[in-house]
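# Working through the structure, step by step
For reference, the chains in residue letters:
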Amino acid sequence: MLDKTYAPAEVERRHYESWENSGVFASGKRAKAKPFTVMMPPPNVTGSLHMGHALNFTLQDVLIRFERLRGRDALWQPGTDHAGIATQMVVERQLEAMGKDRHRLGREDFIKRVWEWKAESGSTITRQLRRLGASPDWARERFTMDEGLSLAVRKVFVDLHREGLIYRDKRLVNWDPKLHTAISDLEVDQREVKGTMWYFRYPVEGGSSITIATTRPETMLGDTAVAVHPDDERYKSLVGKFAILPIADRRIPIVADTYSDPEKGTGAVKITPGHDFNDFEVGRRHNLPLINIFDENAHLNGDVPAPYRGLDRFKARERVVAEMESLGLLEKVEAIQMTLPYGDRSGAVIEPWLTNQWYVDAAKLAVPAIQAVEAGKTKFVPHNWENTYFEWMRNIRPWCISRQIWWGHQIPAWYGPDGHVFVAMTEEEAQGDAAKHYGTAVSLTRDPDVLDTWFSSGLWPFSTLGWPERTPELKRYYPTDVLVTGFDIIFFWVARMMMLGL
């Protein structure tokens, strides 16, 4: 007898189980059919799906079912992403609620804890996808930290390092002083806030002075120059002279650089290469010293005058302003609207910080990826998003791929007693390389950092198909046909898949 009311939960469950058990979602059953591949953007194992996932996966499901009905050999590749920082934060909050922290737990036990969370959260996501009626090839489900995918990550890292496309360098990064790790631009939330502009006078050798404007007075303790525009008539007579940096009592050159905007502030800018991304580039152009005045907590370190050591950056700001005023060098103060970078997960103000990190030479990898779109091999829908892609790719900077956390793919690099680095697929291989280098066996220390999540997810389309093995699936289903994703990750994920795939 027919029920009076429709019970979708029961009806949908019964139908879905029938579909899945019959194998109708499976790829590889039509050997002579033309393949059609859609890679599922792997959801992060940080909880459950949201409405954006529901829309995205519905669109993919429509495409895959349509091509399946047309007789194509359709593969919709499912899986989930380990989502390094996001997942680590979830588990750290759980520990915090129990009065514990990861450092007391230790790296090995903490990672075991995260794997337990992944099993719980990952199964929630796949349950939700089944409830939506999604029809991926579930037998092929993968996770970005599966053994096979981890092998692919190590191989790409080692191969690119040997080709000089991955290297270690000391550069500025977005440093989160609460999470104690570098984060990507994507994880920085630029917020409009009410701020303050302070105008300080720096004495110039010979008797005059030059006025600079800054929103970050504390960083003046790391200044290594003052820059003016080469065409700014007001300052031409000062270029080549030295200012005396107040409080730190250090001689710093006055340099001519087009970075300085004559229309902005006073037209003269303080240059702090160790704590500002633009200043870092100015510093490289003029061979200026790099002075790092912060520790990992954004407290002032030993490279500042004694009264400031150990102070929180914002407490140091108050003291700098007070001391500049007492010296008669505070010219004026203005209230302004400004943009301030916050960590989107920690809520802390992000600090540009000078550290040793691992980088990818993204500019070289971007060339064939740009050409693929120019030649029409890869098409954006809508077409106008190509402009966004080109803008990002043609102005690409080195990609910082190391993160100072525990959950993720640990970097396959080991350090000898003198700091010499050995990049290898395994520790045994690194030990062999070290023995050749030193002429004897030595103790090695593995790099504790892990890779940026986008590095491993950038390998998703081919690592899920069995690469680095030349599998039949790789030959048949790669390159893929369609990717349905958000415009906000064209650069962070789509472009990186293209660069690493090519």
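This report concerns the structure included in the present document. (Residues numbered from 1 in each chain as written. Predicted model: local features only at pLDDT ≥ 70, side-chain atom pairs only at ≥ 80, totals over all residues. Heavy atoms only, no water.)

### A word on the packing of aromatic side chains
Summed over all chains, the structure comprises 20 aromatic pairs. Here Trp 115 and Trp 407 contribute two aromatic rings whose centre-to-centre distance is 5.3 Å and whose plane-to-plane angle is 85°, an arrangement assigned as edge-to-face. Residue Trp 115 is located in helix α5 (residues 107–132), and its partner Trp 407 is located in the loop between β16 (402–403) and β17 (413–415); the two are separated by 292 residues in the primary sequence. Accessibility expressed as a relative area gives 0% for Trp 407, which makes it buried. Relative to Phe 492, the ring of Phe 491 has its centre 5.4 Å away and its plane inclined at 75°; by these criteria the two rings are edge-to-face. An identical accessibility class is assigned to Phe 491 and Phe 492; each is buried. Pairwise contacts between aromatic rings join Phe 157, Trp 358, Trp 399 and Phe 455 into one cluster. (Phe/Tyr/Trp six-rings, centres within 6.5 Å; stacked < 30°, edge-to-face > 60°. Helix = DSSP H or I, 4+ residues; strand = E, 2+ residues; numbered from the N terminus. Buried < 20%, exposed > 50% of the residue type's maximum accessible area, 1.4 Å probe, protein only.)

### Focus: the packing of helix α3 (residues 84–97) against α5
The N-to-C vectors of α3 and α5 enclose an angle of 105°; their axes lie 10 Å apart at closest approach. Viewed along their axes, α3 and α5 adopt a mutual orientation that is roughly perpendicular. For the pair α3 and α5, contact is made by Thr 87, Gln 88, Val 90, Val 91, Glu 92, Gln 94 and Leu 95 and by Phe 110, Arg 113, Val 114 and Trp 117, respectively. Grouping the amino acids of the contact of α3 with α5 by side-chain chemistry returns six nonpolar, three polar and two charged. (Axes fitted to C-alpha atoms, helices over the stretch in contact; angles between N-to-C directions. Parallel < 35°, antiparallel > 145°, perpendicular 65-115°, else oblique. Contact = heavy atoms within 4.5 Å. Nonpolar A, V, L, I, M, F, W, Y, C, P; charged D, E, K, R; others polar.)

### A few points about the side chain of Asp 61
Within the secondary structure, Asp 61 is located in helix α2 (residues 51–69). Leaving out residues up to four positions away in the same chain, Asp 61 has contacts with Trp 76, Gly 133, Ala 134 and Ser 135.

### Structural notes on the packing of helix α9 (residues 362–374) against helix α15 (residues 490–501)
The axes of two packed helices give the description: the angle between them and the distance between them. Between α9 and α15, whose axes approach to 8 Å, the crossing angle comes to 100°. In this view, α9 runs roughly perpendicular relative to α15, as classed from their interaxial angle. Residues Ala 362, Leu 365, Ala 366, Ala 369, Ala 372 and Val 373 of α9 lie in contact with α15, whose contacting residues are Met 498, Met 499 and Leu 500. For the contact of α9 with α15, the per-class residue count stands at nine nonpolar, no polar and no charged.

### Section: the sheet that holds strand β10 (residues 242–245)
Read across the sheet, four strands follow the order β10-β11-β9-β12 without closing on themselves; strand pairing throughout is mixed. Two strands close off the open sheet at either side, each with one partner strand: β10 and β12 (268–271). Direction aside, neighbouring strands of the sheet carry axes that sit 30° apart on average. (Pairing = 2+ DSSP bridges.)

### Considering the sheet that holds strand β13 (residues 330–343)
Ordered in space as β8-β7-β13, the three strands form an open sheet in which the pairing is antiparallel. The outermost strands of the open sheet, each flanked by one partner alone, are β8 (209–214) and β13. Taken over all neighbouring pairs, the strand axes of this sheet differ in orientation by 20° on average, direction set aside. This element, helix α8 (residues 313–326), spans β7 (188–203) and β13 of the sheet and lies at about 25° to β7.

### Regarding the layout of surface pockets
As a volume, the largest pocket reaches approximately 1,400 Å³. Taken together, 44 residues make up the lining of the largest pocket; nearest its centre are Thr 215, Arg 216, Tyr 259, Asp 276 and Asn 278. Put simply, the parts of the chain that give the lining of the largest pocket at least two residues each are β7, β8, β12, α7 (277–285), α8, β13 and β14 (351–360). When residues in the lining of the largest pocket are grouped by element, the largest group, eight residues, is from β7. Class assignment for the residues of the lining of the largest pocket results in 17 nonpolar, 13 polar and 14 charged. (1 Å grid on protein atoms, 1.4 Å probe; cavity = no way out; pocket = protein on both sides within 12 Å on 5 of 7 lines; lining within 4 Å. Points joined across faces, edges and corners; volume = space filled by probe spheres on them.)

### Digging into the environment of Gly 222
One can find Gly 222 in the loop between β8 and β9 (225–228). For Gly 222, a relative accessible area of 0% gives the class buried. With 203 residues separating them along the chain, Gly 222 and Trp 19 place their C-alpha atoms 65 Å apart. When neighbours within four sequence positions are excluded, Gly 222 is seen to be in contact with Arg 250, Ile 271, Thr 272, Pro 273, Ile 291 and Ile 293.

### Notes on empty space enclosed by the protein
For the structure shown, the criterion picks out one cavity of 30 Å³ or more. Taken together, Ile 85, Gln 88, Met 89, Glu 92, Leu 179 and Ile 405 make up the lining of the largest cavity. Looking at the lining of the largest cavity residue by residue, the classes come out as four nonpolar, one polar and one charged.

### Topic: the nonpolar core
Among the nonpolar cores identified, the biggest contains 53 residues, and Phe 157, Trp 358, Tyr 389, Met 393, Ile 401 and Phe 455 are the most heavily contacted of them. Top element by residues in this core is α15. It accounts for ten residues. Leave out the neighbours within four places in its chain, and Met 393 touches Ala 366, Ala 369, Ile 370, Phe 491, Ala 495 and Met 499. Judged by nonpolar contacts, the second largest core, of 37 residues, contains Ile 210, Val 304, Leu 311 and Val 321. (Core = buried A, V, L, I, M, F, W, Y, C linked by side-chain atoms within 4.5 Å.)

### Thoughts on the side chain of Asp 73
Mapped onto the secondary structure, Asp 73 falls in strand β2 (residues 73–77). Under the relative-accessibility criterion, Asp 73 is labelled buried at 2%. A distance of 2.8 Å separates a polar atom in the side chain of Asp 73 from the backbone nitrogen of Gly 28. In terms of polar contacts, Asp 73 uses its side chain to reach the side chain of Arg 476, at 2.7 Å. Apart from residues lying up to four places away in sequence, Asp 73 is in contact with Ser 27, Gly 28, Lys 29, Arg 30, Ala 33, Lys 34, Pro 35, Phe 36, Arg 476 and Tyr 477. (Polar contact = N/O pair within 3.5 Å; in protein donor to acceptor, adjacent residues only side chain to side chain.)

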